[in-house]
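The primary structure of each chain is shown beneath.
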Amino acid sequence: MSYLERFMADVECSVTPYHAVETIKNKFLSADFVELKESETWNLERNKKYFAVRNGSAVIAFTTGSACGFNIVAAHTDSPCLKVKKNPEITTGGVRKLNVETYGGGLWYTWFDRPLKLAGRYVEKNGDELRVKLFKSERSFVVPSVAIHFNREANTSFAVNSQIDLMPVVGLGAGESVIKESWLDEDLFVVSDEKPFLAGEKGEFLVSPRLDDLASAFAAAEAVINAPADGLSVCFLADNEEVGSSTKQGAGGTFLKSTLKRIACSLGMDFDTALASSFMVSADNAHAVHPNHPEKSDPTNSVILGEGVVVKHHANQNYTTDAVSSAVIKQIAEKAGIKTQDFFMRSDLRCGSTLGAISSTQVSVKSVDVGIAQLAMHSAVETVAASDLEAAVKLFEGFFKAKIQFPEDGRIILK
Ligand SMILES: [Zn+2]
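Residues numbered from 1 in each chain as written. Predicted model: local features only at pLDDT ≥ 70, side-chain atom pairs only at ≥ 80, totals over all residues. Heavy atoms only, no water.

A. Looking closely at the coordination of the zinc ion. Protein-derived ligands of the zinc ion are H76 (NE2), D212 (OD), D284 (OD) and D284 (OD), with the metal-ligand distances lying across 2.0 to 2.5 Å. Classification of the site at the zinc ion rests on its four donor atoms, whose angles at the metal span 55 to 144°, yielding the label irregular. Linear spacing of the donor residues for the zinc ion on their chain is H-x135-D-x71-D. Of this pair, D212 sits in helix α4 (residues 211-225) while D284 sits in the loop between β14 (279-283) and β15 (286-287), placing them 72 residues apart in sequence. The exposure classification of D212 matches that of D284, with both residues buried. (Donors = N, O, S within 2.8 Å, 3.2 Å for Na, K, Ca; no water. Tetrahedral: all angles 85-135°; square planar, octahedral: opposite > 155°, others 65-115°. Helix = DSSP H or I, 4+ residues; strand = E, 2+ residues; numbered from the N terminus. Buried < 20%, exposed > 50% of the residue type's maximum accessible area, 1.4 Å probe, protein only.)

B. How the structure looks around the sheet that holds strand β10 (residues 183-192). Taken in spatial order, the six strands make up an open sheet running β8-β7-β10-β5-β6-β9, and their pairing is antiparallel. In this open sheet, the two edge strands, each paired with only one partner strand, are β8 (129-136) and β9 (169-172). Ignoring strand direction, the axes of neighbouring strands in this sheet form an average angle of 30°. In this structure, strand β5 (residues 81-92) lies alongside strand β6 (residues 95-103), joined through eight bridges in antiparallel fashion. (Pairing = 2+ DSSP bridges. Axes fitted to C-alpha atoms, helices over the stretch in contact; angles between N-to-C directions.)

C. Expanded view of a nonpolar patch on the surface. A cluster of nonpolar side chains, namely V324, I412 and L414, defines an oily patch on the protein surface of about 200 Å² accessible area. Mapping L414 onto the fold places it in strand β22 (residues 413-414). (Patch = residues over 30% accessible without salt bridge, like charges linked within 9 Å, V, L, I, M, F, W, Y side chains within 5 Å. Areas by Shrake-Rupley, 256 points an atom, 1.4 Å probe, with all protein chains shown as cover. Salt bridge = Lys/Arg side-chain N within 4 Å of Asp/Glu carboxyl O.)

D. Focus on the nonpolar core. In this structure, F7, F28, V281, V370, L389 and F396 are the most contacted members of the largest nonpolar core, which totals 55 residues. No other element matches α4, which puts 10 residues into this core. Excluding its chain neighbours within four sequence positions, the residues that come into contact with L389 are Y3, L4, F7, L206, A215, I372 and V384. Ranked by size, the runner-up nonpolar core spans 30 residues in total, among them L36, F70, L232 and M280. (Core = buried A, V, L, I, M, F, W, Y, C linked by side-chain atoms within 4.5 Å. Contact = heavy atoms within 4.5 Å.)

E. Representation of unusual backbone geometry in the model. Following D212, the chain continues into D213 via a peptide bond in cis, with omega recorded as 15°. Following the sequence through the fold, D213 ends up in helix α4. Positioned with a positive phi, S245 is a non-glycine residue whose angle comes to about 70°. Overall, the relative accessible area of 1% leaves S245 in the buried class.

F. The arrangement of the sheet that holds strand β20 (residues 382-385) in detail. Pairing is mixed across the open sheet formed by five strands, whose spatial order is β11-β12-β20-β19-β15. Looking at which strands have only one partner, the edges of the open sheet turn out to be β11 (197-199) and β15. Two strands pair when backbone bridges link them, and strand β19 (residues 373-375) and β20 are joined in this way by two bridges, in the antiparallel orientation. By the bridge assignment, Q374 is partnered in β20 with V384. Sheet strands touched by helix α1 (residues 3-13): β11 and β12 (205-208). Its angle to β12, the strand with the most contacts, is close to 15°. Relative to β20, helix α9 (residues 386-401) is tilted by about 70°, and along the sheet it contacts β11, β12, β19 and β20.

G. Seen up close, the packing of aromatic side chains. Counted according to the given criterion, the structure contains 15 aromatic pairs. Between F7 and F218, the ring centres sit 5.8 Å apart and the planes meet at 75°, which makes this aromatic pair edge-to-face. Of this pair, F7 sits in helix α1 while F218 sits in helix α4, placing them 211 residues apart in sequence. This pair shows no difference in class: F7 is buried, exactly as F218 is. When the centroid spacing of 5.6 Å and the interplanar angle of 55° are considered together, the rings of W108 and W111 count as tilted. For the pair formed by W108 and W111, the shared burial category is buried. Here a set of aromatic residues connected by ring pairs shows up, and it is made of F279, F399, F400 and F406. The side chain of K366 reaches across the aromatic face of F406, ending 4.4 Å from its centre. (Phe/Tyr/Trp six-rings, centres within 6.5 Å; stacked < 30°, edge-to-face > 60°. Lys NZ or Arg CZ within 6 Å of the ring centre and 35° of its normal.)

H. Representation of the packing of α4 against α9 in the model. Orientation of α4 relative to α9, taken along the N-to-C sense of each, is 45°, at an axis distance of 8 Å. Classified by the angle their axes make, α4 and α9 are oblique. Between α4 and α9 lies a crossing whose hand is right-handed. For the pair α4 and α9, the contacting residues are A215, S216, A219, A220, E222, A223 and V224 in the first and L389, A392, V393, F396, E397 and F400 in the second. Classifying every residue of the contact of α4 with α9 gives 10 nonpolar, one polar and two charged. (Parallel < 35°, antiparallel > 145°, perpendicular 65-115°, else oblique. Left-handed = near helix turned anticlockwise from the far one by under 90°. Nonpolar A, V, L, I, M, F, W, Y, C, P; charged D, E, K, R; others polar.)

I. Representation of the pattern of salt bridges within the structure. Scanning the model with the defined rule gives 19 salt bridges in all. Linking K86 and D185 is a salt bridge whose minimum nitrogen-to-oxygen distance equals 2.5 Å. Here D185 lies in strand β10 and K86 lies in strand β5, a separation of 99 residues in the sequence. The exposure class assigned to K86 is partly exposed, which follows from its relative accessible area of 46%. Given the relative accessible area of 35%, D185 is considered partly exposed.

J. Region of interest: the side chain of D239. By the secondary structure assignment, D239 is in the loop between β13 (233-238) and α5 (255-266). Buried and unpaired, D239 has R121 as its nearest opposite-charge partner, separated by 7.3 Å. Filtering out sequence-adjacent residues up to four positions away, D239 remains in contact with P17, S57, A58, T77, D78, Y103, Q249, G250 and A251. (Lys, Arg positive; Asp, Glu negative; His and termini not counted.)

K. Examining the domain arrangement of the chain more closely. Partitioning the chain into structural domains gives domain 1 (3-79 + 209-414) and domain 2 (81-192). Spacing between the C-alpha centres of domain 1 and domain 2 amounts to 31 Å. On the side of domain 2, 19 residues touch domain 1, which itself brings 21 residues to the contact. For the pair domain 1 and domain 2, the two sides together bury roughly 1500 Å², of which 59% comes from carbon and sulfur. Run the count over domain 1 and domain 2 and you get zero salt bridges. If you look at where domain 1 meets domain 2, you find 13 residue pairs in polar contact (both at pLDDT 80 or more). Counting residues per element, the ones that place at least two in the side of domain 1 that touches domain 2 are α1 and α2 (17-30). The element contributing the most residues to the side of domain 1 that touches domain 2 is α2, with three residues. Among the residues making up the side of domain 1 that touches domain 2, the classes are represented as eight nonpolar, seven polar and six charged. (Domains from an automatic or database assignment. Buried area = accessible area lost by both parts, 1.4 Å probe. Polar contact = N/O pair within 3.5 Å; in protein donor to acceptor, adjacent residues only side chain to side chain.)

If you want it as structure tokens, here you go:
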């Protein structure tokens, strides 16, 4: 099975961060990574591969070789979706619908009239214990749009009201609640149930939900699985990027810092010295030039689908890239045979942010922001060039093999 085929299967079942981490965790276990618990003491051995999960929605995998610093790739496991509130059922016009709130900055008009599923996790009582379990509904649901005859402005000035317009319909007449009686509590989401598919004359495009940022997350996981065990490669997949990252399982939390500290301590390394020799690749998708709206892109830095991994720049540091980190990653890409291109936001448009800058407040290391070029960011289905997925894997593999030294005398040594 090709990487693309595997990714399509993985992204389809990774409907929430919990499901994504479960999928990735199983990959690590099949690749002989040892699972660590944060609540236990770690006695790490050199030249091995380990991983730890936090909250079921964030994961860090790493190798314990003998480099001076950590080579870290970070990406995020969450995507915009809808979250089901408590007491969600409302019946109107004989139809049962669910009261929801929005999670992240979705392109909400794309969520109408397409297959959606309920998925997430719930807590159940089992004797004296509470058990956390994953959930995904068998059936699909839909958020019906309002007919053009009831809304003549729908094609010119329709604004989505997040309280009124986005409630999915779940049944006709009275019926069982979607919240099961045995659940003590739940994190239940409405997610896109569209199957990933290849589009274009030659299948050049991959169209799928959650490409932002599972395309980077799975590429990072694949690369750390293939990483040599004699380096210090770290794959950090954080949750909650779409809502600011300031959670225990987000890039603004302590998960990465605490894990790196424990690795350093267990391997007899000085943590701060190791950080000074470390480098982070913050990987999150980037905007390609939209074929119908080229005017939205920067006049001299157009990002083209299929033309390689994007290095993202921003003067106000929404991205962590600077001249040094950009030059380093481009050298690594060249060595790996991967093309790169630069992204700048138009100066008169507000730039999005990502997890690199937020992670830097906890773990301040040299860092670059990169991404796979895509269209329709935050739509219920997004579009990338299929070839860019493998390019990202190769770049991260090249990065994990690289030995980067910063002697602090104006030189950067790349081996
Ligand atoms: Zn993202």
